[in-house]
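Spelled out from the first residue to the last, the chains are:
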Amino acid sequence: MQDFTVIPASNAALPDAPVALQHWIGGVWVDSADGATTERRSPAHGVPVSVAAKGGRLEAHAALAAARRAFDAGAWPRSSGKDRATLLLRVADLIDRDRATIARHEALESGKPITQAMAEIEGAADLWRYAASLARMIHGDSHNSLGPDMLGLVLKDPIGVVSMITPWNFPFLIISQKLPFALAAGCTAVVKPSELTPGTTVMLGHLLEEARVPAGVCNIVLGHGDPVGEVLATDSRVDMVSFTGSTAVGKRIAAAASATLKRVSLELGGKNPQVIFPDADLDQAADAIAFGVYFNAGECCNSGSRIIVHQDVAAALTDKIVALSRRVPFGDPLDPRTQVGAIISPEHLAKIDGYVRGAVAAGATLALGGAALDVGGLGAQFYQPTIVTDVRPDMPIALEEVFGPVLSVLTFQTFDEAIALANSAAYGLSAGVWSKDVSTCLDFARRVQAGTVWTNTWMDGFAELPFGGVKQSGQGRELGRYGIEEFLEVKTVQMRIGTTRGAWVA
Ligand code: NAD
């Protein structure tokens, strides 16, 4: 029986007209020189929500020139940590002030639920505050034991001009994992949001302007990966590329950046396993698994999209997840009761469906869902909560990022088998373990290949804790104190303080 909890079209007001979005270059808001624009419609409601300037090489070059000037000749990189922190704190307060407006636009452009968008904007403000605290903690080392005539200093410098390229699934949150940390370090930036969700990054630019960030310190260029992203990854004026997005594009960026040996930080995809041992609290696990797979409609790098469950409890756990899945409210993102909204695009929905159909054709079983979801009064961009069992480890649905509300269930018998399955994907972003035995949890945490491990929980996150992937999930770390180190360069200073150096030429 395919009954789900559906929240139909609410009576929340939709925008009368789309918001016009411009580039921010050298402190000035501008349209594209050729007047090109891109319209974005709400994936849930189909109405136009933004019309963004569509940048080209010209805009990307102008933004890079402005960022370079602001770094090489401007006051920002040499300003005190205290001054930079003060500005970042002002931005955080402005984000709080405009939270409802930003969240509404985020929900409209991305299709995510309004309550979740509100929480994300609140979390983003916290990141700006946390980065402000780091701005005052930048310090290097001193070496006073190099002999009587020598003092060694290790200085931390801002790396320079950073280009930041972001995806559509958490637009405001992800730029807030990068930009405040780079600004805290004293860097300047050129930001390119996803062409599907440019709105809230532009709103952030307006807040930065209001907070009086100096002209050219942060620039925003709207447009597509080709050509804007390509210029930001290749141009010799860029010292570092900070990218969040798919592994395929991440590889292209790393290759493009290699010609000038830029620093590259990559936050990429994941195929994140949760291993459930027989002694686990199955009710707790089932709820966290539902959260992990349906949060953001599964369009989440941290999606808990596959579980590896001990054979003895597989049937009982699957039944619990199926029952919970029917209760998760899918539907209108603007209704505060909704927990899962719309899929970003029709093309993406077709890709999700393709994975499910492929698995079923290869012998997997549909325990729930497996088709588009009809949400009364709204368009066709919703997908049912979907659970696929009898998944074999070599199926694409078990190894590749589906990026939809689709759970794959695999089973194991021994600990070694569970670890082998968990480590079998090319990705290594996050992983989870469910057991009441702390030794089992610790053993798993030490042997699993992942940047983050959750034990008896899923997807908790803190500004203080670093986040990033191993293997093909990326390189580098965001958040925590590592979040600012990414944007700092190490410089060694060796000072002779005695009188004689000792002649080299006799
Ligand atoms: P995507 O790779 O298609 O696009 C990301 C960004 O790159 C967009 O701004 C896009 O315009 C730009 N881009 C595309 N081609 C480019 C090129 N050749 N050169 C430079 N820039 C280019 O990703 P997406 O579909 O927007 O986002 C989904 C992906 O992001 C998923 O794989 C997801 O796992 C990943 N993601 C990872 C994290 C993380 O922290 N690890 C977080 C969120 C999303």
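What counts and what doesn't
- Residues numbered from 1 in each chain as written.
- Predicted model: local features only at pLDDT ≥ 70, side-chain atom pairs only at ≥ 80, totals over all residues.
- Heavy atoms only, no water.
- Core = buried A, V, L, I, M, F, W, Y, C linked by side-chain atoms within 4.5 Å.
- Buried < 20%, exposed > 50% of the residue type's maximum accessible area, 1.4 Å probe, protein only.
- Helix = DSSP H or I, 4+ residues; strand = E, 2+ residues; numbered from the N terminus.
- Contact = heavy atoms within 4.5 Å.
- Domains from an automatic or database assignment.
- Buried area = accessible area lost by both parts, 1.4 Å probe.
- Polar contact = N/O pair within 3.5 Å; in protein donor to acceptor, adjacent residues only side chain to side chain.
- Nonpolar A, V, L, I, M, F, W, Y, C, P; charged D, E, K, R; others polar.
- Pairing = 2+ DSSP bridges.
- Axes fitted to C-alpha atoms, helices over the stretch in contact; angles between N-to-C directions.
- Near = heavy atom within 4 Å.
- Areas by Shrake-Rupley, 256 points an atom, 1.4 Å probe, with all protein chains shown as cover.
- Salt bridge = Lys/Arg side-chain N within 4 Å of Asp/Glu carboxyl O.
- Phe/Tyr/Trp six-rings, centres within 6.5 Å; stacked < 30°, edge-to-face > 60°.
- Lys NZ or Arg CZ within 6 Å of the ring centre and 35° of its normal.

Novice: I tried to follow the nonpolar core on my own but got confused; where do I start?
Specialist: Soluble, globular proteins show a tendency: their nonpolar side chains are buried together. Counting 135 residues, the largest nonpolar core has Trp128, Leu179, Leu208 and Leu317 as the members making the most contacts within it. Here this core gets 12 residues from one element, more than from any other, and that element is helix α4 (residues 114–135). Leaving out residues up to four positions away in the same chain, Leu179 has contacts with Trp128, Met164, Ala189, Val191, Leu204, Leu208 and Cys218. Of all hydrophobic cores here, the second largest spans 23 residues; its members include Val161, Phe243, Ile253 and Leu266.

Novice: Would you explain the domain arrangement of the protein in this entry?
Specialist: The extent of an interface is frequently quoted as the accessible surface area lost upon association of the parts. Taken domain by domain, the protein consists of domain 1 (11–268 + 473–491) and domain 2 (273–455). Computed over C-alpha atoms, the centres of domain 1 and domain 2 are 31 Å apart. At the junction of the two partners, domain 1 supplies 28 residues and domain 2 supplies 27 residues. Carbon and sulfur atoms make up 61% of the area that domain 1 and domain 2 hide from each other, which totals about 2000 Å². On the domain 1 side of the contact with domain 2, Ala44, Trp168 and Ser473 bury the most area, a combined 25% of that side's loss. Here domain 1 and domain 2 share 11 residue pairs in polar contact (both at pLDDT 80 or more) between them. Elements with a contribution of two residues or more to the side of domain 1 that touches domain 2: α3 (99–110) and α4. The element best represented in the side of domain 1 that touches domain 2 is α3, accounting for 5 residues. A per-class count over the side of domain 1 that touches domain 2 returns 13 nonpolar, 9 polar and 6 charged.

Novice: Just checking my understanding: could you explain the pairing of strand β5 (residues 37–41) for this structure?
Specialist: In regular strands, side chains alternate between the two faces of the sheet. Sheet analysis places β5 next to strand β6 (residues 48–53), joined by 5 bridges and oriented antiparallel. Of the residues in β6, the one forming a bridge with Glu39 is Val51. Counting the residues that bridge the hairpin from β5 to β6 gives 6 residues, and of these Gly46 lies at a positive phi of roughly 80°.

Novice: Would you mind going over the sheet that holds strand β20 (residues 430–434) with me for this structure?
Specialist: For sheets, the rule is that strands pair by backbone hydrogen bonds, running either parallel or antiparallel. Read across the sheet, 7 strands follow the order β17-β18-β19-β15-β14-β20-β21 without closing on themselves; strand pairing throughout is mixed. Two strands bound the open sheet, and with one partner strand each, they are β17 (365–368) and β21 (452–455). Neighbouring strand axes in the sheet, compared pairwise and without regard to direction, differ in orientation by 25° on average. Pairing of β20 with β21, which is carried by 4 bridges, proceeds in the parallel orientation. Along β21, the bridge assignment pairs Ala431 with Val453. Contacting β14 (273–276), β15 (306–310), β17, β18 (386–389) and β19 (406–412), helix α10 (residues 311–327) runs over the sheet at an angle of about 140° to β15. Those strands touched by helix α14 (residues 438–447) are β14, β20 and β21, and its axis lies near 160° from that of β20.

Novice: Could you clarify how one ought to interpret the site of the ligand in this entry?
Specialist: The environment of the ligand is made up of 28 residues, and the closest members are Thr166, Glu195, Ser246, Leu268 and Glu401. Here a nitrogen atom of the ligand sits 2.7 Å away from a polar atom, N or O, in the main chain of Leu268. Glu401 places a polar side-chain atom, nitrogen or oxygen, 2.5 Å from an oxygen atom of the ligand. For the ligand, the accessible surface in isolation is 850 Å², of which the surrounding protein chains cover 89%. Of all the elements in the fold, those that place two or more residues in the shell around the ligand are α7 (225–234), β12 (240–244) and α8 (247–258). Residues belonging to the shell around the ligand are distributed by class as follows: 13 nonpolar, 9 polar and 6 charged. Taken together, domain 1 (11–268 + 473–491) and domain 2 (273–455) each give at least three residues to the shell around the ligand, which thus spans both.

Novice: Would you mind going over the pattern of salt bridges with me for this structure?
Specialist: A side chain with one charge can pair with a side chain of the opposite charge if their charged atoms come near. Under the definition given, this model contains 23 salt bridges. With a shortest N-O distance of 2.7 Å, Arg97 and Glu210 are connected by a salt bridge. Taken together, the residues span a long stretch of sequence, with Arg97 in helix α2 (residues 81–97) and Glu210 in helix α6 (residues 199–210) at a distance of 113 residues. Overlapping salt bridges, with partners in common, bring together Arg68, Asp72 and Asp239 in one network.

Novice: So what exactly am I meant to see when it comes to the environment of Asp283 here?
Specialist: As for its position among the elements, Asp283 is in helix α9 (residues 282–294). Residue class for Asp283 comes out exposed when judged on its relative accessible area of 51%. Residues Asp283 and Glu230, 53 residues apart in the sequence, show an inter-C-alpha distance of 47 Å. Within the structure, Asp283 has its side chain in polar contact with the side chain of Lys320 (distance 2.9 Å).

Novice: Help me understand the packing of aromatic side chains in this model?
Specialist: The relation between two aromatic rings is expressed through the spacing of the ring centres and the mutual angle of the planes. In total, this model carries 9 aromatic pairs according to the counting rule given. A centroid spacing of 5.7 Å and a plane angle of 70° characterise the contact between Tyr294 and Phe330, whose relative ring orientation is edge-to-face. In this pair, Tyr294 is assigned in helix α9 and Phe330 in strand β16 (residues 329–331), connecting sequence segments 36 residues apart. Within the aromatic cluster, the residues linked to one another by ring pairs are Phe170, Phe291 and Phe295. Geometry around Tyr482 places Arg481 over its ring, the cationic atom sitting 4.8 Å from the centre.

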